[in-house]
Amino acid sequence: LLALAVYYCSRRGGAPDPALARPRHLEVFASAAGLLLGGRAEVAPARALAKSLRAYKLLLLGRRPASKFAADATPVSAAIAAPVLGLGAGGFGTVGVTSQVGLGGADPALVPPALAEALTPRLSDLAAHDVVRSLHVVTSLHSCGVVPLEARTKAFCRAAMAELEVRADELSIRDIAFALRSISALAGTSARPLWQSTGGGQDMPQMLTGSSSASVIVKRKLLRRLYVEVQQHIPSLTLDDALTIAISAERMSHIVRPGVVVDLLAAEVLRELRSLRPQQICDAVVSFGRLGYDEAGFLRSLSQTFLSKQKDFSPRQLAVTLHSLASSGVRERSICSAVAPQIIRDFVGFELRDMSYSLWAFAKMSHRHAPVFGKIQDGLRVMSTSKFTPQDLSMVLWSFARAGWEIDAEVLSKLTHSVATTASTFSPEALVTTCNAFAKLGFAQQPLLVDVYRSLYGKLPILSDSQLSFSFFLFSTSGLRDEALVRRYIFECSRRLHQLRGQDLSNVLLACSRIATPDMLADMGGLGDALKQRVFGQLENMDRAPLLGVYLAAPNVFPVSQEEALHLMDVMSDHLPQMDAPELSRCLVGTARFEIVHRPFLIPLFHHLRQVRERLAPNEVTSSIWTVYSLGFCKPKFKRTLGFMLMEHAKERRLSARLLCDILPALGHFGFWDRLPLLLRLSIWRLATDDQRQGLTPPPPPQSPRDVAQAEGAPVAPKLWRLPTLRKGFFRKRGHLLSRGQQLESLKPNVVKEEDKEKEAERAIVRESKAVGGAKAVADFITMVKRL
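Residues numbered from 1 in each chain as written. Predicted model: local features only at pLDDT ≥ 70, side-chain atom pairs only at ≥ 80, totals over all residues. Heavy atoms only, no water.

Regarding the overall build of the protein
Applied cut-off: Here a helix means four or more residues in a row that DSSP labels H or I, a strand means two or more in a row labelled E, and each is numbered from the N terminus. Remark: exposure states derive from per-residue accessible area (1.4 Å probe, protein chains only) relative to the maximum for the residue type, with buried under 20%, exposed over 50%, and partly exposed in between. Residues count as neighbours in contact if any of their non-hydrogen atoms are within 4.5 Å of one another. Per-residue accessibility takes into account occlusion by the displayed protein chains alone, with areas from the Shrake-Rupley method and a 1.4 Å probe.
Within the protein one finds 38 helices and five strands. By residue count, 49% of the 788 residues in the protein fall in the buried class. For the protein, the share of sequence-separated contacts (at least 6 apart) that also reach a separation of at least 24 residues comes to 74%. Of the roughly 38500 Å² of accessible surface on the protein, a fraction of 53% belongs to carbon and sulfur atoms.

Below, the structure is given as structure tokens:
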């Protein structure tokens, strides 16, 4: 059986074309299936059963080899827009399943479970090498979707792993690589691990493969034993084995961290760096990037090798490698600049998944390459909406939003229509990423946003804490007011409040301050008081960003006493030196909400704002002016700083009249009103109400721009000679009439008219000289001067 399978079904051979020759090997497998399913498997030798298992694997699986990552990698978008790669069935070297092969009416997928059941009690009769191969066969069939894991195959997997734990020292490095690959397939059958404690005190993750009653347990002890054996076989380690182990270790990193094994694998990859093939580079970047390994610039070395061989990469390999480099923290814009010409040149071969990976990588590296973005946008315009998957839609929308690209109206309409029609099929991660993208794009079409957020309604219980809090914050900024969804969010947040901390707690507090009233929070089990208790319990452990969110939102969610406000300010004062200009400005605005003038906090805050005054935006300057006016406290140096920055922004015309009209009383109070440019004051005065004008001097009436500049003391350029201004009929006065009917005149000077004018002037001078009396010499002199 094994010989026939290798000859007809392996990658090197292949079954004969049914149109030319009848595939006779199927009859042999049909006869063998009848014997094995009829009870012969119980009496056959263990080695014969192992070879038959391998034979049926070759029969059932397809022939096309596949990448460990690129063939079936699926992105999972995070709550802050951070996608990761998953290893699909292609990780076992085969993708696709042959169509149902008729074996005399028997389903070939029934044979491997029967063989596994017969092998389970006789694994000790097999060599350790054959145990690994048999385990690999079962996990490969399961990963490709041919044979599901059921009671018999799960029992075999448990028995095989127990046998390997005992006989791990008999394995070669190739056997260890295949064993780890098989175990990683079992570890990848669960979306999240369920941690249990066994009687022996060993914590192990129970990987759910279907129902909670039937599970496959991957023991930490087995993985540690295999990693120790890897260290013992380093001299015989090959590049392929190193990549296989790295991929498997990455998939099981949530169970056991490989530790020093990663360093040994990375050393083997670096040793063969120049001879790496494109697929090996792709697998190395993905696996080591997911493991978070970047010692001594390892990923940077891989990126340089990637750039030197990028012309040999297929579109999928190029996109996956670029995506993995960006998600691993290698975000050099030179990589995007070097890869962009090849993306444009080979764009015909890019599928939607490749486009989304490449676009996400460019956006993550903050490189808005116009030709690449335009090419992908053109590709999306002509692509059928049936090819759009939820993951691709969320990644594309997030990438355009992150890069600040102005999406074409037709493409945006196409993408949003696909989101509206398929929102119910989105995963929670894709929904949160899509909401984040719409918020960054400023998308405010209520019907579509309602559909997206209502699709999240039923998925809120399965969201992680960060996804729940972040989506609640995005919902509060979307402009939607859906009371049912607000109450559901508040209920879920109150249920998880005991485990919220840091940025998650800050996001919930900010969302409640925007859309939840105190009465609503009181009706939901007193969430306001619970939030207050949780916030002040976590206050000392918060970083700068979440603490600032709490500082801004706390007075709007629950009452804050003077002692609590002073405690908040004392905690905030420790973070002032690390804050930038926008954070310091928001901190000053938040201080006004407590209505407390705490000089030990305000004076250092003023000092740090003066240090970053050149980086204050116009709206931050105006908000700071209004805040210190509301507090009634401002140091003279800080007042001069605000006035200087206000005049700088006004001179550069960065301030609108409407913005300054809102703070008009503060401008008059600090004496900034009379220092503003006259034209800006006139615009503000026209917009201001009578209440806002009280106590202010009205600006003088408008003047010409030259007079305004002179009044403001600005240097006035002298008037320069210029050509006369063109007006209606300008050229008509400078030529003789050619046609009275059509009113046409020549632009050339009329010599006859000029001579007539000259003669008339002569006659006038002569007439005047005759009328003048007195001395003849004086009259002649005057006449000569007039003629000249």
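What follows continues from the structure just given.
What about empty space enclosed by the protein?
Stated precisely, the cut-off is as follows: Method remark: on a 1 Å grid restricted to protein atoms, a set of points is classed as a cavity if a 1.4 Å probe fits but cannot get out and as a pocket if it is open with protein on both sides within 12 Å along at least five of seven lines; lining residues have an atom within 4 Å of a point. Grid points are joined across faces, edges and corners, and a volume is the space filled by probe spheres set on the points.
Taken as a whole and assessed by the stated rule, the structure comprises two cavities of 30 Å³ or more. Looking at the second largest cavity, its volume works out to about 40 Å³. Breaking the lining of the second largest cavity down by element, the ones donating at least two residues are α4 (111–119) and α5 (128–143). Broken down by element, the lining of the second largest cavity gets its largest block of residues, three residues, from α5.

Some details on a negative patch on the surface
Here is the rule we go by: Here a patch means residues that are over 30% exposed by relative accessible area and free of salt bridges, tied together within 9 Å if like-charged and within 5 Å if nonpolar (Val, Leu, Ile, Met, Phe, Trp, Tyr). In what follows, salt bridge is the name for a side-chain nitrogen of Lys or Arg lying within 4 Å of a carboxyl oxygen of Asp or Glu. Charge counting follows a simple rule: Lys and Arg are positive, Asp and Glu are negative, and His as well as the terminal groups are ignored. By convention, charge coordinates are those of NZ in Lys, CZ in Arg, CG in Asp, or CD in Glu.
Together, Glu 754, Glu 755, Asp 756 and Glu 758 line one region of the surface with negative charge. Mapped onto the fold, Glu 755 is located in helix α37 (residues 751–771).

Re helix α25 (residues 527–538)
For the record, the criterion: To estimate how far a helix should reach, multiply one less than its number of residues by 1.5 Å.
Over its twelve residues, α25 extends 16 Å from the first C-alpha to the last, a length consistent with the 16 Å expected when each residue adds 1.5 Å. Within α25 the residues assigned to the buried category are Leu 527, Gly 528, Leu 531, Lys 532, Arg 534, Val 535 and Gln 538. At its buried positions, α25 is contacted by α22 (483–495), α23 (503–515), α24 (518–523), α26 (544–557) and α27 (562–573).

Comments concerning the packing of aromatic side chains
The criterion, for reference: Two rings from Phe, Tyr or Trp (for Trp, the six-membered ring) form a pair when their centres are within 6.5 Å of each other. A pair whose planes differ by under 30 degrees is stacked, one over 60 is edge-to-face, and the rest are tilted.
Using the criterion set out here, one finds 21 aromatic pairs in the structure. Consider the rings of Trp 626 and Tyr 629, whose centres lie 5.2 Å apart with planes at 40°: the pair is tilted. Of this pair, Trp 626 and Tyr 629 both sit in helix α30 (residues 618–631), three residues apart, which is roughly one turn of the helix. With a relative accessible area of 30%, Tyr 629 lands in the partly exposed category. An aromatic cluster of at least three residues, connected via ring pairs, comprises Tyr 453, Phe 472, Phe 475 and Tyr 489.

With respect to the packing of helix α28 (residues 581–594) against helix α29 (residues 599–611)
For clarity, the threshold we go by: Axis definition: a line fitted to C-alpha atoms, limited for helices to the stretch in contact. Angles are taken between N-to-C directions and run from 0 to 180 degrees. Reported orientations rely on four angle classes, namely roughly parallel under 35 degrees, roughly antiparallel over 145, roughly perpendicular from 65 to 115, and oblique for the rest. Crossing handedness is defined as follows: a turn of the near helix away from the far one that is anticlockwise and smaller than a right angle gives a left-handed crossing, while the clockwise case is right-handed. Residues are grouped as follows: nonpolar covers Ala, Val, Leu, Ile, Met, Phe, Trp, Tyr, Cys and Pro; charged covers Asp, Glu, Lys and Arg; every other residue, Gly included, is treated as polar.
As a packed pair, α28 and α29 sit with axes 10 Å apart at the nearest point and diverge in direction by 150°. Classified by the interaxial angle, the pair formed by α28 and α29 is roughly antiparallel. Of the two elements, α28 crosses α29, and the hand of that crossing is left-handed. Taking contact as the criterion, the partners of Leu 584, Ser 585, Cys 587, Leu 588 and Thr 591 in α28 are, on α29, Phe 601, Leu 602, Leu 605, Phe 606, His 608 and Leu 609. Each residue belonging to the contact of α28 with α29 can be placed in one class, and the counts come to eight nonpolar, three polar and no charged.

Examining the confidence of the model for the protein
The condition is simple: Known as pLDDT, the predictor's confidence for each residue is given on a scale from 0 to 100.
Across the protein, the average pLDDT comes to 81, with 83% of residues at or above 70. The low-confidence segment residues 63–105, where pLDDT is below 50, has 135 contacts with residues more than four positions distant or belonging to other chains. A low-confidence stretch, residues 189–214 stays under pLDDT 50, and its non-local contacts, those more than four residues away or across chains, total 53 contacts.

So, the pattern of salt bridges
As enumerated under the stated definition, the model contains 28 salt bridges in all. Between Arg 225 and Glu 229 there is a salt bridge, and its shortest N-O distance comes to 3.8 Å. Residue Arg 225 and its partner Glu 229 are located together in helix α8 (residues 220–232), separated by four residues, close to a single helical turn. When the shortest N-O distance is used, the salt bridge between Glu 492 and Arg 488 registers 3.5 Å. Placement of both Glu 492 and Arg 488 in helix α22 is noted, with a separation of four residues, approximately one turn of the helix. Each of Asp 465, Arg 488, Glu 492, Arg 495 and Arg 496 takes part in one network of salt bridges that share partners.

Regarding the side chain of Lys 459
Examined against the element boundaries, Lys 459 turns out to sit in the loop between α20 (446–457) and α21 (465–477). For the buried Lys 459, no salt bridge is present, and the opposite-charge side chain at shortest range is Glu 429, 9.5 Å distant. If near-sequence neighbours (up to four positions away) are discounted, Lys 459 is found in contact with Ser 424, Phe 426, Pro 428 and Leu 431.

As for the side chain of Ser 358
Within the element layout of this structure, Ser 358 appears in helix α15 (residues 352–364). Judged by its relative accessible area of 1%, Ser 358 is buried. Each residue touching Ser 358, except ones within four places of it in the same chain, is listed here: Ala 319, Leu 322, Ile 343 and Phe 350.

Looking at helix α1 (residues 2–9)
Given 3.6 residues per turn, any residue in an α-helix points the same way as the ones three and four places further on. Here is the rule: Here the arc refers to the directions that run from the helix axis out to each C-beta atom.
What α1 keeps buried is the set Leu 2, Ala 5, Tyr 8 and Cys 9. Buried residues along α1 cover an arc of 145° about the axis, so they all sit on one side. Residues Ala 3 and Tyr 7 are exposed on α1 and point more than 90 degrees away from its buried face. Elements that come into contact with the buried residues of α1 comprise α2 (25–37) and α3 (46–60).

Considerations on a nonpolar patch on the surface
Among the surface-exposed residues, Val 778, Phe 781, Ile 782, Met 784, Val 785 and Leu 788 lie close enough to one another that they form a single nonpolar patch of about 630 Å² accessible area. Topologically, Leu 788 is positioned in the segment after α38 (776–787). Using a relative accessible area of 83% as the deciding quantity, one classes Leu 788 as exposed.

Things to note about unusual backbone geometry
At Ser 366, a position not held by glycine, the phi torsion is positive, near 55°. Relative to the elements of secondary structure, Ser 366 occurs in the loop between α15 and α16 (370–382). Positioned with a positive phi, Glu 595 is a non-glycine residue whose angle comes to about 60°. Using a relative accessible area of 72% as the deciding quantity, one classes Glu 595 as exposed.

Some remarks on the environment of Asp 125
Relative to the elements of secondary structure, Asp 125 occurs in the loop between α4 and α5. For the pair Asp 125 and Arg 47, spaced 78 residues apart in sequence, the C-alpha to C-alpha distance is 8.0 Å.

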